[in-house]
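Coordinate inspection notes
The lines below spell out each chain.
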Amino acid sequence: MKLRSLLAAALVAGTALASAPAAIAQAKEQFFPLLSYRTGPYAPNGTPWANGKQDYLKMVMARDGGINGVKLTWEECETGYATDRGVECYERLKSRPGVTLFDPQSTGITFALTDKALHDKIPLLTLGYGLSISADGMAFPWNFELMGSYWTGADILVQHLGKKEGGLDKLKGKKIALVYHDSPFGKEPIPLLQERARMHGFDLSLIPVTAPGVEQKAAWLQVRQQRPDYVFLWGWGVMNSTALKEAQATGYPREKMYGVWWAGAEPDVKDVGAGAKGYNALALNPSSQQPKVIQDILKYVHDKGQGTGPKDEVGHVLYTRGVIIQMLSHEAVRRAQERFGKGKVMTPEQVRWGLENLNLDQKRLDALGFNGVMRPLSTSCTDHQGSTWARIHTWDGSKWNFSSDWYQADEQILKPMVKAGAEKYLADKKLQRRNASECQSAG
Amino acid sequence: MLYRENGQFKTSYRADQQIFPIQQDRIFIGLLLAVAFVVVPGLASDYLFRAILIPFLIMALAALGVNILVGYCGQISLGSGAFMAVGAYGAYNFFVRIPGMPLVPAILLGGLCATAFGILFGLPSLRVKGLYLAVATLAAQFFSDWMFLRVKWLLNDSPSGSVGVTNLQVLGWPIDSAASRYWFCLVFLVVMALLAKNLVRSAIGREWMAIRDMDVAAAVIGIRPMYAKLSAFAVSSFVVGVAGALWAFVYLGTWEPAAFSVDLSFRLLFMVIIGGLGSIMGAFFGAAFIVVLPIVLNQVLPLLASLVGVEFSTTAVSHAELMIFGALIVWFLAVEPHGLARLWSTGKQKLRLWPFPH
C-alpha cells in the first residue's frame, strides 16, 4: 500500500505544481473551461464543435484583446463523452480563478452536473441540448438551455410535417417512427411527441438504437416492417451516418427522414454523400463561411496559422454552433460587466445575471458579425431559452441548404409540460422554487 | 532490515493467525489508516477529493468484489458492471420509494439486490467455466443494460431514463461536503476490506481457492462446487453492488445506464488482473492504476511538454494518454504477470535482507 500513498503524494505535488503558476497568471483573467471530446465514438461530431469554441476565443483575443480589456484564458479537458471523465474535468476546472461557466457538450454529463452546479453556483450553458424541463429558470437557476430544447425541436418537426401535409389535422392516421439513441439524449423528445400524437391522432412508434449506434439492423428491420410515413432521427455521432446508410440499404426514402439538429451536420452525411441526398434535419444555424464572424476567425486566427482544426471545416454546422455558444458566453460576461463593473473579472454568479439578461437584437447581432447566423434572442429570469426558433435544412449531396422558413415552438403545448416536469423534478429532489426577488441579485 | 522478523515469536495460534503477522506491517497499516482518516482530509483539495480520491475508493471497493470472484474463486466474470448497476438502481428504488429510508440500509439493500442478481447469473458457472463463463456473464451485462433502459418502473418513471438522489445523510449528519463523502466511502471500504480479508482466510475462502486451482480435485476432497461457486458469486456481487450504489449516490449523484456499461466491466477486470489476482491489496493497486493514472497522465503530459517548450493539443494529449496507458499495461504484465501486488510482495521480500542480500 506504500505505492498508494506515494501516488497520493505525487498527485498532491503534481496538482500543486500544475495550479500554482496558473493561479498567479490567471488572477485577472476570465477563464473559460472547455469540456470537449476528440476521442471515442462521438469524436467526429465533438471535434468541430470544440474547434469552433476555441477559435472564437482565439479570434476575440486577437481582434479585441478580450472583453472590455479583461483577458480571456481557456483550457480544454477531454471527456471522451464519458460521464465520469466529464465530472472529473468539471471538478478540475471549476475552482480556477475567473471561471465563467461550463458547456458540458453532452446530455449525460449535463444530467450529472446539474446538481453539482446548483451546489457550486456555476452556470451551465446547454445550447440546444440537456434537460428539456430546465427551460424553467425558476426551477433550474443555473441551467441555460439557450435557443431551444429537445422538446422545442420535436415540436418544430411536427409543425413542419403538418405544414407539408397541409394542416396539422391531416396528420391523423399517419405513422411516424422515432429512431433514437437509447440514452437520456434520445429519450428526451418522447413525452412531447406523445403529447402531439394524442392531439393530432398520428401513430408514434419508438425504435431505440443501442449506444453508440453502429448496430442498427434490427431498428431498420422494424422500419421496413412498419413502413412509417416519416422517420425522426434522434442520433449523435456515428449513429447518424450509420442510420443513413441503413436507410439506403432498406430503401427507405431519405426525403422522409428528419433529424434533430444534432443529426444534421457535415460529419453525419459526408461519408454517405449522394446516398443521403434529400435527408432533412433541424437547423439552428447555417453552414457557411459567409458570415462576418467566420470571416474574422479566418482572418485573425486561421490565416495566421493558429487555427484549431482544418481550415476548410471552418463555418461548418457544428463548428458554427460552437462559435455561437462561445459568443453567448462572452455576451453574458459583457452584459454582467455592464452592471457589475467594466474591465472586471466576473464571478459565476455575475455571469448568471448576464445570462438571464441577454438582449441580442438584430442590431447587436449584426455588430457581432452574426448576421444570418441566428435570430435575435432575449432571456429573463424565468425564461432560460431566449428563443425557440429553428429551420429545416436539406442535404443536396454536397452541402446543406435551407428548405423551410423559421418555425417557433408552440408555447401553448410546451409551457404546461415544462412546468409539470419541473415541479416533479423539484418534488423528487426536495428542492424549492427560486424566489422572484432573487432575480436581480448576483447570487 | 526493514522487515526483519528476528525476535518476533508467535507463541499462540491466535498470534500465528492474525491478519498481519509481522509487526512492521501492523504499524504500517495503522499509520496508513491514520493518514487516510485524519491527515488526508486535512490536506486534500476539493478537486483531489471529488475527482480522484472518491472514485479511487469506490473503484477499489468494486475491484475487491471482483477479485473475490475472479481472483479467489477463478470464475471469470464480465458482468461486474451489471452487478454495480443492480446495486445502484436497487438502492435508488429503496431510497426513493420507502419514505424515511436511511441511506446506509438503502445502500446495503442495494447490495443484497446485486447478490440475488449475482447468484442468478452465477448459475451457469455450475456448468461452464473459464472463457465460456466469461461470455455467459456478459449476458448479465446486456440484460442489465436492457432492463435499466426499458423497465420504467425501476427508474421511478423518469421520462429520460436518468435518475438522481439528493439530501444524503447519516443519522442527521449530511453527506454533502467533499470530506464527508470521502469518509463515508472510506468507512465502507475499510470495513468491507477487513471482512473480505478475513473471509478469504477462512474455510470458505479456502474452498474458493481449491475450486479455482482444480475443481475436480476440490470436489473429490469433499468441497461442494455448487455451494462454493454460488457463495463466491453472492459475496462478490454484494461488494460490487455496494460499490455501484456508492458510485451512483456519492460520486455521480445523477446517472444513466451508460454509467454502468460493458466498458466498466472490462475496466474492473483489468483492475483485478493488473492489481493482482487473488490478493486483497491488488484491488487497491489496480484501482489506483486504472482510475488515477489516466487522469495524472492527462494533467502531467502537457506540463512536461511545456517544460521543454512544446505545446500539446488536447487531441494529442488524449491520444498520448491512451498510448502510454496501454504501453504501461503491457509492460507491467510482461514484467510481472501476477500484477502489482506481487511486485509489492517481492519488494517486501527483498527488504527483509536489505541492504545485504545473499
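For the structure, see preceding data.
Residues numbered from 1 in each chain as written. Chains lettered and ligands numbered in written order. Predicted model: local features only at pLDDT ≥ 70, side-chain atom pairs only at ≥ 80, totals over all residues. Heavy atoms only, no water.

Some words on the overall build of chain B
Counting its regular elements, chain B contains 14 helices and 4 strands. Scaling as 2.2 N^0.38, a compact globule of 358 residues should have a C-alpha radius of gyration of about 21 Å, and chain B matches this with 21 Å. Principal-axis analysis of the C-alpha atoms places the extent of chain B at approximately 70 × 65 × 45 Å. The buried share of chain B, taken over its 358 residues, is 52%. Long-range pairs, those at least 24 residues apart, make up 75% of the contacts in chain B with a sequence separation of at least 6. (Helix = DSSP H or I, 4+ residues; strand = E, 2+ residues; numbered from the N terminus. Rg over C-alpha atoms; globule rule 2.2 N^0.38 Å. Buried < 20%, exposed > 50% of the residue type's maximum accessible area, 1.4 Å probe, protein only. Contact = heavy atoms within 4.5 Å.)

With respect to the interface of chain A and chain B
Facing 39 residues of chain A, the contacting portion of chain B comprises 48 residues. Summing the contributions of chain A and of chain B, the shared interface buries around 4,200 Å²; its carbon and sulfur component is 61%. Scanning the region where chain A abuts chain B turns up 12 residue pairs in polar contact (both at pLDDT 80 or more). Elements supplying a minimum of two residues to the side of chain A that touches chain B: helix H1 (2–25), strand E2 (71–78), helix H3 (83–93), helix H4 (107–120), helix H6 (184–187) and helix H15 (411–429) of chain A. (Buried area = accessible area lost by both parts, 1.4 Å probe. Polar contact = N/O pair within 3.5 Å; in protein donor to acceptor, adjacent residues only side chain to side chain.)

Notes on the nonpolar core
Counting 132 residues, the largest nonpolar core has B:Phe249, B:Trp255 and B:Phe260 as the members making the most contacts within it. A total of 21 residues in this core trace back to one element, the largest contributor, which is helix H3 (residues 46–72) of chain B. Discounting residues that sit within four places of it in the chain, B:Trp255 has contacts with B:Ala88, B:Tyr89, B:Tyr92, B:Gly161, B:Ser162, B:Val163, B:Gly164, B:Val165, B:Ala248, B:Phe249 and B:Phe260. Core analysis: the second largest hydrophobic core is formed by 118 residues, A:Tyr150, A:Ala177, A:Ala265 and A:Tyr319 among them. (Core = buried A, V, L, I, M, F, W, Y, C linked by side-chain atoms within 4.5 Å.)

Side note on the environment of A:Ala62
All names here are of chain A. For Ala62, the location among the structural elements is in helix H2 (residues 43–63). For Ala62, a relative accessible area of 40% translates into the label partly exposed. With 115 residues separating them along the chain, Ala62 and Ala177 place their C-alpha atoms 48 Å apart.

Re a nonpolar patch on the surface
On the surface, a nonpolar cluster with roughly 370 Å² of combined accessible area is contributed by B:Val35, B:Val38, B:Val39 and B:Leu43. Positionally, B:Val39 belongs in helix H2 (residues 23–43). (Patch = residues over 30% accessible without salt bridge, like charges linked within 9 Å, V, L, I, M, F, W, Y side chains within 5 Å. Areas by Shrake-Rupley, 256 points an atom, 1.4 Å probe, with all protein chains shown as cover. Salt bridge = Lys/Arg side-chain N within 4 Å of Asp/Glu carboxyl O.)

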